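So the chains spell out like this:
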Amino acid sequence: MNASQAEKRIQQLSHELEQHNYNYYVLSNPSISDFEFDGLLKELESLEQQFPALASENSPTKRVGGDITKKFKQVTHDFPMLSLSNSYSKEEIIEFEERARKLTDADMEYVCELKYDGVAIGIRYINGQFNRAVTRGDGTKGEDISANVKTIRTIPLQLRGEGYPADFEIRGEIFFPLDEFNRLNQEREEIGEALYANPRNTASGTLKNQDSALVANRNLNCFLYGVYSREKISETHLSNVLLAGEWGFNIPRPENNMIRLCKSIDDIMDFINYWDTERHKLNFEIDGVVIKVNNFIQQEDLGYTAKSPRWAIAYKFKAEAVATKLESVSYQVGRTGAITPVANLAPVLLAGTTVKRASLHNADQIEKLDLRINDFVFVEKGGEIIPKVTGVDLARRQVDNVPLVYITHCPDCQTELVRKEGEAQHYCPNESGCPTQVKGRIQHFIGRRAMDIEGLGAETIDQLVEEGLIANNADLFDLRAEQLLPLERMAQKSVDNMLAGITKAKLIPFERVLFALGIRYVGETVAKKLARHFHSVESIKSASIEDLIAVDEIGQRIAESVREFFDNPDQQRLVERLQNAELQFAIPEEQLIGKTDKLSGQSFVISGVFDRHSRDELKELIEKNGGKNSGSVSSKTNYLLAGEGMGPSKRQKAEDLGVQIISEADFEAMIA
Ligand code: IVH
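Residues numbered from 1 in each chain as written. Predicted model: local features only at pLDDT ≥ 70, side-chain atom pairs only at ≥ 80, totals over all residues. Heavy atoms only, no water.

(A) The arrangement of the overall build of the protein chain in detail. Per the secondary structure count, the protein chain includes 25 helices and 20 strands. Seen through its principal axes, the protein chain has C-alpha atoms that stretch 90 × 90 × 45 Å. Here the protein chain holds 672 residues, and the buried ones make up 48% of them. Looking at the protein chain alone, contacts between residues at least 24 apart form 67% of all its contacts between residues at least 6 apart. (Helix = DSSP H or I, 4+ residues; strand = E, 2+ residues; numbered from the N terminus. Buried < 20%, exposed > 50% of the residue type's maximum accessible area, 1.4 Å probe, protein only. Contact = heavy atoms within 4.5 Å.)

This is the structure we're talking about:
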């Protein structure tokens, strides 16, 4: 392919991929499979690698991140970023509406929107191309966080449609979808890391990260709420927003009642009341509703105060909080030994569910709140699954309520707790003797995403530990039927299943074995990175902190934890026993030289010429990955790998037989 052909193809691919992005993320209505999408993206990536001069700043390949920003550039806003005046009562909304109505004899129109609880962003587009994205900062100057914002799939890099000004800015709110936030925290809990407190701060922290690839992984989202341009676009705010929707932006849709044109105070109140209850069903947090005068001329007439427009007001919802009695505090021990204090409360109804427990995070938090047993505490529910204690109702405190004293010893094994310099969490250091940690580690080891041992569940693990049959992961592989059969609730069949499940663990690939070991801070992603970089446990064992940090996304803290694990003689013995049990502690040689069984059982016919591989290379790749080559299309053919200049009769035959016709890029994606 020459440069001009490549340029054409790159343009075509970029256009197609943006379209699919839009269908998938903005409209939630994909028209191709993920597999096909990945194929197109890979093709674009490889063309951009071959012709770097043709790679655009706004290419869909930028969505996966990778650009590092050492220091964010300060940028002065073209239009200052103001704030909204807040109100907490309906009377204030009535006053706002009356003031606005006095201005004119004409009928007033208002637009009601949600007040998204996220991070404000201003994005500039020049000739339909993403130019830069700037944070609010102090309202006058913000930071250019373009590389990070480009990873947000609902923010277009190239606009669709027509009629947008040559140079304009669009503003909106970037937020952490609740399902993504809870998933992130769940992952952190699994690797024993402190949980993030709330979606908004986490979104804000994420956007300030230097590594855009990390941002891409977090799946942030954005709603747009205002278009700013020196050129006039339309007469009203609502039509501007709807136009922005046509240009490809993720806007609130009237169909979902997320934006509504209101002609009276009653309409406005309806909107407020609707969302006051319905907001709990959204997959993002809002902290209120915004009411804006719709017509731009009327907006100008109303004008601005020093900080905020007079044509808009925010109605803030009261945080959903209740007061209830703190009956006691219990302490949970995690599999990494981390201690989490939990408040036991007098049951109380909050946002539709009965709450009996709330998280207290750590000792600092308890101290900061100055908690005492029998206090009435405020409990709030945000986007998190577990509600949290946010304060104490001091007016209701009894004089004899004594301050809480944090435990000094493990509630499970009575070992003295430790707290490392700079860490918020207390730990039980008795790794090998603390029953909860022992059980937790083995439960993690057998988990679905780790060794995935069928026929074994959490309860059985508890039973086996309590019976003294196992005390660590390696002991599982020494279990024999005659030890298990006498146990309560164990029949021949369940014992057979269990032992078969344990044997099958030998097939689990190295990266999952590494994850299963339960090394602190080594979650699934880190385990994958380590496995793919070092290829075997032997080379990880001999890696220095520097070697470890050299791996993408591995920092000092993870590196130290990995070293600590493999320097520990107990762990060394365990790993050795697991190696003797024949678990996978390396990536097999065949796989390293490109041999896989990804195409096993699949038969291919190659026809035509290809851009990146010769036909012989393709045949070799098919064999290396376990597939079969065949000369002619028949009913046994699974795929026709079609290049340029393929004969029409072959295509016809494949179509008649229902054989799938794939491109070189599709094929590359299959074996990637
Ligand atoms: S309009 C001149 N609309 O609230 C006012 N702001 O306190 C322009 N926000 O910084 C803002 N949802 O980050 C507007 N539908 C919405 C909003 C919204 C959230 C945030 C925004 C702004 C802050 C103002």
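Continuing now.
(B) Seen up close, the pairing of strand β8 (residues 221–228). Most of β8 sits out of view: 6 of its 8 residues are buried. Here 7 bridges tie strand β7 (residues 167–175) to β8, and the two strands are oriented antiparallel to one another. From the neighbouring strand, E169 faces β8, where its bridge partner is Y228. (Pairing = 2+ DSSP bridges.)

(C) Main features of empty space enclosed by the protein. Taken as a whole and assessed by the stated rule, the structure comprises 1 cavity of 30 Å³ or more. Taken as a whole, the largest cavity spans an internal volume of roughly 40 Å³. Lining the largest cavity are V75, T76, H77, G122, I123, R124, R132, V134 and E169. Elements represented by at least two residues in the lining of the largest cavity include exactly β1 (73–76), β4 (119–126) and β5 (129–135). Of all the elements, β4 adds the most residues to the lining of the largest cavity, at 3 residues. Of the residues belonging to the lining of the largest cavity, the class tally is 3 nonpolar, 3 polar and 3 charged. (1 Å grid on protein atoms, 1.4 Å probe; cavity = no way out; pocket = protein on both sides within 12 Å on 5 of 7 lines; lining within 4 Å. Points joined across faces, edges and corners; volume = space filled by probe spheres on them. Nonpolar A, V, L, I, M, F, W, Y, C, P; charged D, E, K, R; others polar.)

(D) Quick look at the sheet that holds strand β11 (residues 312–316). Strand order in the open sheet made by the 5 strands is β2-β11-β10-β3-β9, with mixed pairing throughout. With partners counted over all chains shown, the strands left at the sheet margins are β2 (86–87) and β9 (259–262), one partner each. Strand direction decides the pairing type here: strand β3 (residues 110–116) and strand β10 (residues 286–293), joined by 7 bridges, are antiparallel. Its bridge partner being in β10, L114 is matched across the sheet by V289.

(E) Inspection of helix α5 (residues 178–190) at higher detail. If you check α5, its first and last C-alpha atoms are 18 Å apart, about what 13 residues at 1.5 Å a residue would give, namely 18 Å. Restricting attention to buried positions, one finds in α5 the residues L178, E180, F181, N182, L184, N185 and R188. The secondary structure elements touched by the buried residues of α5 are α6 (199–207) and α7 (212–218). (Expected span 1.5 Å × (residues − 1).)

(F) Representation of the site of the ligand within the structure. Not every one of the 14 residues close to the ligand is listed here, only the nearest: E113, L114, E173, Y225 and K292. Note that an oxygen atom of the ligand is positioned 3.2 Å from one of the side-chain N or O atoms of Y225. For the ligand, whose free accessible area comes to 520 Å², the fraction covered by protein is 90%. Top contributing element to the shell around the ligand by residue count: β3, with 4 residues. Grouping the constituent residues of the shell around the ligand by class yields 8 nonpolar, 1 polar and 5 charged. (Near = heavy atom within 4 Å. Polar contact = N/O pair within 3.5 Å; in protein donor to acceptor, adjacent residues only side chain to side chain. Areas by Shrake-Rupley, 256 points an atom, 1.4 Å probe, with all protein chains shown as cover.)

(G) Inspection of the environment of T408 at higher detail. The topology assignment puts T408 in the loop between β16 (388–392) and α12 (435–446). Sequence-wise, T408 and G248 are 160 residues apart; in three dimensions their C-alpha atoms are separated by 57 Å. Among all residues touching T408, those that are not within four sequence positions of it are T415, E416 and L417. Side-chain polar atoms of T408 contact the side chain of H409, separated by 2.7 Å.

(H) Molecular detail of the packing of aromatic side chains. By the definition in use, this model includes 23 aromatic pairs. Aromatic pair F96 and Y110: ring centres 6.4 Å apart, planes at 55 degrees, arrangement tilted. A residue pair is termed long-range when its members are at least 10 positions apart, and F96 in helix α3 (residues 90–102) and Y110 in strand β3 qualify at 14 residues. Both residues of the pair, F96 and Y110, belong to the buried class. Members of the aromatic cluster, connected to one another through ring pairs, are Y125, F130, Y164, F168, W247 and F249. Over the ring of F376 we find R396, and its NZ or CZ is 3.7 Å from the ring centre. A cation over an aromatic ring shows up here: R520 above the ring of Y427, its NZ or CZ 4.0 Å from the ring centre. (Phe/Tyr/Trp six-rings, centres within 6.5 Å; stacked < 30°, edge-to-face > 60°. Lys NZ or Arg CZ within 6 Å of the ring centre and 35° of its normal.)

(I) Spatial organisation of the pattern of salt bridges. The tally for this structure, following the rule as stated, stands at 35 salt bridges. For E97, the salt bridge is made with R101, and the minimal N-O distance between the two is 2.9 Å. Of this pair, E97 and R101 are both found in helix α3, 4 residues apart, which corresponds to roughly one turn of the helix. For E97, a relative accessible area of 4% translates into the label buried. (Salt bridge = Lys/Arg side-chain N within 4 Å of Asp/Glu carboxyl O.)

(J) Representation of the state of the cysteines. Tallying each qualifying case throughout the model produces 0 disulfides. For C413, which is in no disulfide, the shortest distance to another cysteine sulfur is to C428 and amounts to 3.6 Å. Given a relative accessible area of 18%, C413 falls into the buried group. (Disulfide = S-S within 2.5 Å.)

(K) Examining the environment of F610 more closely. Secondary-structure assignment places F610 in the loop between β17 (603–607) and α23 (615–624). By relative accessible area, F610 is classed as buried at 13%. When the C-alpha positions of F610 and E95 are compared, they lie 70 Å apart, and in sequence the two are 515 residues distant. Ignoring anything within four residues of it in the chain, the contact list for F610 reads R615, L618, L641, A642, G643 and E664.

(L) Representation of the sheet that holds strand β19 (residues 639–642) in the model. Strands sit in the order β18-β17-β19-β20 across an open sheet of 4 strands; the sheet is parallel. The open sheet has two free edges, formed respectively by β18 (628–629) and β20 (660–662), since each of these has just one partner strand. By the bridge criterion, 2 bridges tie β17 to β18 in an arrangement that is parallel. Looking at the pairing, F604 lines up with N629 of β18. The strands that α23 touches are β17, β18 and β19; relative to β17, the one it contacts most, it runs at about 175 degrees. (Axes fitted to C-alpha atoms, helices over the stretch in contact; angles between N-to-C directions.)

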